[in-house]
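The primary structure of each chain is shown beneath.
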Amino acid sequence: GSTEMQVSWGASTDNVTPGNVIIYEMYVNGVHENSAIGTTQTTGYGVRGDNVITVIAIDEAGNRSTAGTTRLFIPG
């Protein structure tokens, strides 16, 4: 019974920042859970029940993408 999850997403594109240095921040239920640099997957922990997972891409200039959001239910 772990609440650990592996989260993957599509890569962000940018006309200035190379993809291998784009930072992705992952939030679970509104709390920053993990960050990944130049890769489109990371792990995090949720809670038993409903979880809202959000990923935001950040380029070198600090511009933040629109949030990508999904829901995950972890049975108890």
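Residues numbered from 1 in each chain as written. Predicted model: local features only at pLDDT ≥ 70, side-chain atom pairs only at ≥ 80, totals over all residues. Heavy atoms only, no water.

Chemist: When you look at the packing of aromatic side chains in this model, what are you seeing that I'm missing?
Modeler: Each aromatic ring pair is described using two quantities: the centre-to-centre distance and the angle formed by the ring planes. Applying the stated criterion to the full structure yields one aromatic pair. With a centroid separation of 5.3 Å and 55 degrees between ring planes, the pair formed by Trp9 and Tyr24 is classed as tilted. Here the residue Trp9 occupies a position in the loop between strand S1 (4-8) and strand S2 (23-28), and Tyr24 occupies one in strand S2, the gap between them amounting to 15 residues. Of the two residues, Trp9 and Tyr24, neither departs from the other in class, the shared state being buried. (Phe/Tyr/Trp six-rings, centres within 6.5 Å; stacked < 30°, edge-to-face > 60°. Helix = DSSP H or I, 4+ residues; strand = E, 2+ residues; numbered from the N terminus. Buried < 20%, exposed > 50% of the residue type's maximum accessible area, 1.4 Å probe, protein only.)

Chemist: Sorry, what's going on with the sheet that holds strand S3 (residues 31-37) here?
Modeler: Pairing between sheet strands relies on hydrogen bonds along the backbone, with the strands arranged either parallel or antiparallel. If you trace the four strands from one edge of the open sheet to the other, you get S3-S2-S5-S6, paired in antiparallel fashion. Looking along the sheet, the strands with just one partner apiece sit at the ends: S3 and strand S6 (68-74). The mean inter-strand angle of the sheet, taken between neighbouring strand axes irrespective of direction, is 25 degrees. Note: S2 against S3, six bridges, orientation antiparallel. Paired with Ile23 across the bridge in S3 is Ile37. (Pairing = 2+ DSSP bridges. Axes fitted to C-alpha atoms, helices over the stretch in contact; angles between N-to-C directions.)

Chemist: Looking at this model, I keep getting lost on unusual backbone geometry. Mind explaining?
Modeler: Both trends apply: most residues other than glycine have a negative phi, and most peptide bonds are in trans. The backbone phi angle of Asn29 is positive, close to 55 degrees, even though this residue is not glycine. Classification of Asn29 as partly exposed rests on a relative accessible area of 36%.

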